[in-house]
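# Remarks on the overall topology
So you can see what is in the structure, the chains are spelled out below.
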Amino acid sequence: MNYYLRRFLRVIVTIWAVATFTFALIRLLPGGPLVQLRAQLIRSGASPERVETLIQSYTKIQPDAPIYVQYFDYITSLVQGDLGESISTGRSVGEVVGGALPWTLWIAIATTILVFALAIVWGAIMAYFEGSNFDLASSSASILAASMPFYVLAMLLIIIVGYEFGWFPTRFRIDPNLEAPVFSVAFVGSALYHSVLPIASMVLTGAGLQVLAMRGNSISVLGKDFVTVARLRGLSDRRISITYVARNAILPMYTSMLLSVGWYLGGTVIVEEIFTYRGIGYYMYEGLESRDYPLMMGIFLILTSTLVIGVFVADLTYGLVDPRIQTGDQSESF
Amino acid sequence: MIKVSHSESSDEQFSFDYGESEIELTRRERLQDFYEEFIRKPGMVAWNDRRTRIGSAILFVYVLMGTVGVWFYRAPQTNQVDVPGYPGGRGVPPFTDLSAILGSTQQSGKDILAQIIHATPNMLLMVLSGGVFATVVAVLIGTVAGYKGGTVDTVLTSFTDFAMSIPGLPLVMVLAVVLRPTNPLVLGIVLMVNYWAGLGRAIRSEVLSIRQESFVEASRTMGVSTPRILFKDVIPNIMPYVLVNFANAARFVIFSSVGLYYLGILPAGVANWGIQLDRAYSQGSLVGIAALYQLLFPMIMIMGLALSMILLAQGADRIFNPRVRTRLAGESETIEEEEDADAPAGVMT
């Protein structure tokens, strides 16, 4: 089967499997969400019939129907784009997600790109000056940065850069008083300005280990025979460093970049809560805190789908970076 | 300086099943060999590295705090600090009084040092169970998939890919809310519920190259069973790699558990640095910069433990990583020149 087609089918299967998983989590766990939700509604004084209808509208699950009917209903409404209704906000989950997703995507994508741009450039420079004081200082700084969780840096940034110096806003995704239309210069400017600290807190901490990885890759490529041969051929330093070293050193970074997108996407739940940045991470936190299961599960599903699709798209471009793309599994089985 | 014979330790692809040997080795000799080849020599290479020594020293301090410290130092309690001039012992700044050297909390007058020390045992247990769980699952799935190949590989790799494509932190949060784990050992496992996947994938590709080695082929032609090949030939050769990743996994457990405690998603009945962070941070926004000291100490604790893990990982990396071998061969300069200058050139492959 075609490689890309197979990859695409895998995307569909993964999203379906995660949807099944959320269904199981809501429905099947003893004392799980459904039981708690019912208790919550009964405590609020609703009549039993009303409770059943509410549960049905919130979760798209009819508690009395046989399990396969429930499952079928759940998946059908998901396919139709209906994620249920949020209990705490009273809005539909789709509506909440729609307004918040772009902001989270911006944070996660900008973080990933900046982390790897920083890592590739800085790591390569460190490898070039290997053994110098600059290298030693940068390595130590990278290790220190990696030992700091991003939320700790976020708090420090808020206190120091935000409160003390007042250079950057510490909350919200844009200036609440701003009444400029969407996509005007003022709007985009304000949005960028407000996203500086959240992005900085994840980039500065996340880049630490990646810088070291890039440095290590570059050093090991520099020791390879083909680089020695290229030197002997009298090729220019520029050509050696770009075509021979950089390309081969960046390749392993690409895979780890795909892996870390998920970590940054997940990290937005904490970062957005700290910065009151209303992306889907923030709403996921709200859902978790108020035990708003439809909201929480809906956003979890959306986050996973985003990641799966993102990795799929990135995978399509992998052929551009590495021409030796694996098209199949040729290994002999033992 | 400890002298390590690099020419011996360079032989990464060492195997224990001496197929060609006529003499059966006793268990004791095997154990001795194992100790020599996989514990003492790599240990010395790692110990030669400054980072390993600093990392172990830091970790030792935490272990001391988590075991002996808990016995000797009082548990945190409301208004436990007795310092003149501070009603209820609240808001004592750090380094003012010996009875509460790191000060006490603004709101409840708890001794900060006591909070920090009594959070350590649970954290260490969590790190241990999470790290062991993730590494064991990753090694099992990675080696079996990589070695067996074929359908087994396809099935295991698909499963791994599936686990890998779920963003870890949100999954853990959902599970934490639904399952409400309180036991630190269980919590460690919940935190690593899909972390093993990335590691398993990496181990699989390591094993893919090991399975082609002649010593594995020899064992296979001799009819050695698959589990035996995996345990005797394959796993010892990926051990250093696994060690490095154990330390990385441990760092992940620390970061995510403290993060979840900070958010208040995990049950708050226990002592944890994340809970301290949360309390201190919310008070800091009320009281202002004067309350910052409460934030600083848990932060230092988190970073210290994470730092020791990174340093240990980097030190262990030396045993395994080809670039270190390249460096030892004298093909590139190094920071620790004095260590490597006497390494014989050209013995590395």
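### A few points about the domain arrangement of chain A
- Per the domain assignment, the segments making up chain A are domain 1 (2–79) and domain 2 (101–291).
- Distance from the C-alpha centre of domain 1 of chain A to the C-alpha centre of domain 2 of chain A: 36 Å.

### Quick look at the packing of helix H5 (residues 93–128) of chain A against helix H10 (residues 237–274) of chain A
Residues and elements named next belong to chain A.
- At a closest axis distance of 7 Å, the pairing of H5 and H10 adopts a crossing angle of 145°. Where H5 crosses over H10, the handedness of that crossing is right-handed. Packed against H5, whose contacting residues are Thr104, Ile107, Ala108, Thr111, Thr112, Val115, Phe116, Ala119, Ile120 and Tyr128, the element H10 presents Asp237, Ile250, Met253, Ser256, Met257, Ser260, Val261, Tyr264, Leu265, Thr268 and Glu272 at the interface.
- Residues that form the contact of H5 with H10 fall into these classes: 13 nonpolar, 6 polar and 2 charged.

### With respect to the interface of chain A and chain B
- Taken together, the 59 residues of chain A in the interface contact 56 residues of chain B.
- Inspection of the chain A/chain B interface yields 1 salt bridge.
- A salt bridge links Asp161 of chain B to Arg10 of chain A, with the shortest nitrogen-to-oxygen separation between them at 2.8 Å.
- In this assembly, chain A and chain B are joined by 5 residue pairs in polar contact (both at pLDDT 80 or more).

### What about the pattern of salt bridges?
- Taken as a whole, this structure holds 5 salt bridges over all chains when the rule is applied.
- The partner of Asp161 of chain B in a salt bridge is Arg201 of chain B, and the shortest N-O contact between them spans 2.5 Å. Of this pair, Asp161 of chain B sits in helix H5 (residues 150–164) while Arg201 of chain B sits in helix H8 (residues 196–210); the two residues are 40 residues apart in sequence, bridging distant segments of the chain.
- Through salt bridges with shared partners, a single ionic network connects Arg10 of chain A together with Asp161 and Arg201 of chain B.

### As for the nonpolar core
- In terms of nonpolar packing, the biggest core is built from 163 residues, with Tyr151 and Ile274 of chain A together with Met173, Ile203, Trp273 and Leu277 of chain B touching the most fellow members.
- In terms of residue count, helix H10 (residues 226–263) of chain B provides more of this core than any other element does, 20 residues in total.
- Excluding residues that lie within four positions of it along the chain, Tyr151 of chain A makes contacts with Ile270 and Ile274 of chain A together with Ile254, Phe255, Val258, Gly259 and Leu277 of chain B.

Conventions we followed
Residues numbered from 1 in each chain as written. Chains lettered and ligands numbered in written order. Predicted model: local features only at pLDDT ≥ 70, side-chain atom pairs only at ≥ 80, totals over all residues. Heavy atoms only, no water. Domains from an automatic or database assignment. Axes fitted to C-alpha atoms, helices over the stretch in contact; angles between N-to-C directions. Helix = DSSP H or I, 4+ residues; strand = E, 2+ residues; numbered from the N terminus. Left-handed = near helix turned anticlockwise from the far one by under 90°. Contact = heavy atoms within 4.5 Å. Nonpolar A, V, L, I, M, F, W, Y, C, P; charged D, E, K, R; others polar. Salt bridge = Lys/Arg side-chain N within 4 Å of Asp/Glu carboxyl O. Polar contact = N/O pair within 3.5 Å; in protein donor to acceptor, adjacent residues only side chain to side chain. Core = buried A, V, L, I, M, F, W, Y, C linked by side-chain atoms within 4.5 Å. Buried < 20%, exposed > 50% of the residue type's maximum accessible area, 1.4 Å probe, protein only.

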